[in-house]
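# Inside the fold
Residues per chain are reported as follows:
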Amino acid sequence: MVEAREVNHLPMFGLTPDLESLRSEVREWAVQRLRPRAAELEWKPDPADRVAWDLVEEASAQGWRTFGLSREEGGSGADPLTIAILIEELSYGDMGFAVLIDQCIKVQRILASSAHGAARKLFLERFVSDPRCILAICFTEPETSSDYIIDGPAFRFRTKAEQQSDGTWLLNGYKRYISNGADAGLYCVFACTDDSRPAAQGTSAFIVLPSDPGFEVVQVHEKMSQRGNNNGALAFNDVRLPADRLLGEAHAGYAGSRLILKESAITAGATALGTAQAAYDLALAHTRERVQGGVPLIQHANVKCRLAEMFSELEAARSMIWRAAWSVEHDPQYDYKMSSATKLFAAEASMRVALSAAELFGGLAIMYQDSGINKCVRDCMSFLHSDGAQDSHRIRIGTMLAEEV
């Protein structure tokens, strides 16, 4: 006879009525408001015209832009599962906009945890009161790329900050591919402050403002994906930061942010999933309407099999995302491999679904603006690299497996 014992049960998903309501509300807004605006703005010649600022204001009014802040600070106090649901449904309408909001949530969670005194006051006053203020997190550099995901002992950020005799910090370096980088009202910048130690013990995080002398957006990257979000290349040339722009303790910014953002890669998976779900739904509708060989496409056995495979991959990815997101806050023995594993699987499953959806549209899939499916494929492709390249996450998981006893 097996002896009964206490276990930490995972939930059965089953979302709560509140989460189901949120999911429906955001889905409706994404389809009716976001998707048409994204199609309208995507190929505007000027990058400044591609961001749907009116919808950023609407998202602010709904509380989505400040979703990760506590209620006392003007937010919703959302947990990782709730954030993942929000981001998936926004991405159902447009991935670029979903990434814009997701980046805001990531940065506000870091700042809410690590900004104190004048830095906290500066952040809250600028961000909460301005419905168009968006945030950017600055990790990626040309020389280090996804090293921040692998985080080996040799990794150091090339961007550096040196403390001066008067207590100020002098910031120098270059970041690229930064989401919201061309448009943010506040930047969270990671820089090496002690290159004698690995990044986890020698990196600090700072608040940088667009108006700080020496800071410049030097390029807006032209992309085939996520065009509703402007990625920027940023230069820091002797940017002098007051001592109170330091976030948390010196040299601990990188390690601290990774602890705060356990769910970061999970919401990346949710972003890819939302767009893949949109691709699947477009393809399903198309196969029911399009007649070939005398019957609707969906009556052909090969099409049924393809749709069944797509459906299965989406459900598997969603289950993994929800389980991992729930575990972040509810499982005291949270497995850090799960965040990378979730992003890894969801991104690749989403790419497969999007490509299968395109196959079901035939030649129409590659016709510019004649169907929404080509945008889904382009957007899903970005998350094979965004938030860390896939092989970087594989290496991260493998390293943790090798260290387990």
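Keep in mind it's a predicted model, so treat the numbers as computed, not measured.

Take the pattern of salt bridges next. If you walk through the whole model with that rule in mind, you get 27 salt bridges. For the salt bridge of E40 with R37, the shortest nitrogen-to-oxygen distance reads 3.1 Å. One end of the pair, E40, and the other, R37, are both in helix α1 (residues 17–41), 3 residues apart, so they sit about a helical turn from each other. Here R318 and E88 are joined by a salt bridge, their closest N and O atoms 2.7 Å apart. With R318 in helix α10 (residues 301–330) and E88 in helix α3 (residues 80–93), this pair connects stretches of sequence that are 230 residues apart.

Where two aromatic rings form a pair, the distance of their centres and the angle of their planes describe that pair. Summed over all chains, the structure comprises 14 aromatic pairs. Taking 6.3 Å as the distance between ring centres and 80° as the angle between the ring planes, the aromatic pair formed by F139 and Y254 counts as edge-to-face. With a gap of 115 residues between them, F139 in the loop between β1 (135–138) and α6 (147–150) and Y254 in helix α8 (residues 253–260) connect regions that are remote in the sequence. A relative accessible area of 11% places F139 in the buried class. Under the relative-accessibility criterion, Y254 is labelled buried at 1%. Ring pairs connect the aromatic residues F139, Y148, F155, F157, F190 and Y254, which therefore count as one cluster. Its guanidinium or amino end placed over the ring of F127, R65 lies 4.4 Å from that ring's centre, counting from NZ or CZ.

Let's shift gears to the layout of surface pockets. Considered as a void within the structure, the largest pocket measures approximately 1300 Å³ in volume. Within the residue set of the lining of the largest pocket, elements represented by two or more residues are α4 (95–114), α6, β3 (169–178), α8, α9 (264–289) and α13 (390–403). Here the residues of the lining of the largest pocket sort into 18 nonpolar, 19 polar and 11 charged. Quantified by volume, the second largest pocket comes out at close to 390 Å³. Lining the second largest pocket are 22 residues, with R35, A39, S371, G372 and K375 sitting closest to its centre. Breaking the lining of the second largest pocket down by element, the ones donating at least two residues are α1, α3, α9 and α12 (373–382). Among the elements that line the lining of the second largest pocket, the one with the most residues is α12, at 5 residues.

What follows is about the nonpolar core. The biggest cluster of nonpolar side chains holds 94 residues, and the ones touching the most others in it are W64, L86, L90, F97, I101 and F190. Residue contributions to this core peak at 10 residues, all from α10. In this structure W64 touches L22, E25, V26, W29, A59, L86, L90, I101 and I105, once residues within four positions along its chain are discounted. Core analysis: the next-biggest nonpolar cluster, separate from the first, contains 18 residues, A161, W169, L171 and I178 among them.

Another aspect to go through is the state of the cysteines. On inspection of all chains with the given rule, the structure shows 0 disulfides. No disulfide involves C380; its sulfur sits 6.6 Å from that of C376, the nearest cysteine. Since its relative accessible area comes to 0%, C380 is described here as buried.

Residues that lie three or four places apart on an α-helix share one face, since the helix turns once every 3.6 residues. Within α8 the residues assigned to the buried category are G253, Y254, S257 and I260. Taken around the axis of α8, the buried residues stretch over an arc of 125°, which confines them to a single face. Residues of α8 that are buried sit in contact with α4, α6, β4 (186–192), α7 (199–202) and β5 (203–208).

Confidence in the prediction of the chain, expressed as mean pLDDT, is 93, and 97% of residues score 70 or more. Note that residues 1–8 has pLDDT below 50 and, in this model, 3 contacts with residues that lie over four places away or in other chains.

Together, L364, I366 and M367 line one region of the surface with nonpolar side chains, adding up to about 290 Å² of accessible area. Inspection of the secondary structure puts I366 in the loop between α11 (337–361) and α12. Judged by relative accessible area, I366 falls into the exposed class, the value being 71%.

We now examine empty space enclosed by the protein. Under the counting rule described, the total for this entry stands at 2 cavities of 30 Å³ or more. Forming the walls of the largest cavity are 14 residues, and the residues nearest its centre are A38, R50, A52, D94 and G228. In terms of residues, the lining of the largest cavity owes the most to one element, α1, which gives 4 residues. Taken together, the residues of the lining of the largest cavity sort by class into 6 nonpolar, 2 polar and 6 charged. In this structure, the second largest cavity spans a volume of roughly 30 Å³. Taken together, I83, D102, I105, K106, R109, L261, E263, S264 and T267 make up the lining of the second largest cavity. Contributions of two or more residues to the lining of the second largest cavity are made by α4 and α9. Looking at the lining of the second largest cavity residue by residue, the class counts come to 3 nonpolar, 2 polar and 4 charged.

Calculation notes
Residues numbered from 1 in each chain as written. Predicted model: local features only at pLDDT ≥ 70, side-chain atom pairs only at ≥ 80, totals over all residues. Heavy atoms only, no water. Salt bridge = Lys/Arg side-chain N within 4 Å of Asp/Glu carboxyl O. Helix = DSSP H or I, 4+ residues; strand = E, 2+ residues; numbered from the N terminus. Phe/Tyr/Trp six-rings, centres within 6.5 Å; stacked < 30°, edge-to-face > 60°. Buried < 20%, exposed > 50% of the residue type's maximum accessible area, 1.4 Å probe, protein only. Lys NZ or Arg CZ within 6 Å of the ring centre and 35° of its normal. 1 Å grid on protein atoms, 1.4 Å probe; cavity = no way out; pocket = protein on both sides within 12 Å on 5 of 7 lines; lining within 4 Å. Points joined across faces, edges and corners; volume = space filled by probe spheres on them. Nonpolar A, V, L, I, M, F, W, Y, C, P; charged D, E, K, R; others polar. Core = buried A, V, L, I, M, F, W, Y, C linked by side-chain atoms within 4.5 Å. Contact = heavy atoms within 4.5 Å. Disulfide = S-S within 2.5 Å. Arc of directions from axis to C-beta. pLDDT = per-residue confidence, 0-100. Patch = residues over 30% accessible without salt bridge, like charges linked within 9 Å, V, L, I, M, F, W, Y side chains within 5 Å. Areas by Shrake-Rupley, 256 points an atom, 1.4 Å probe, with all protein chains shown as cover.

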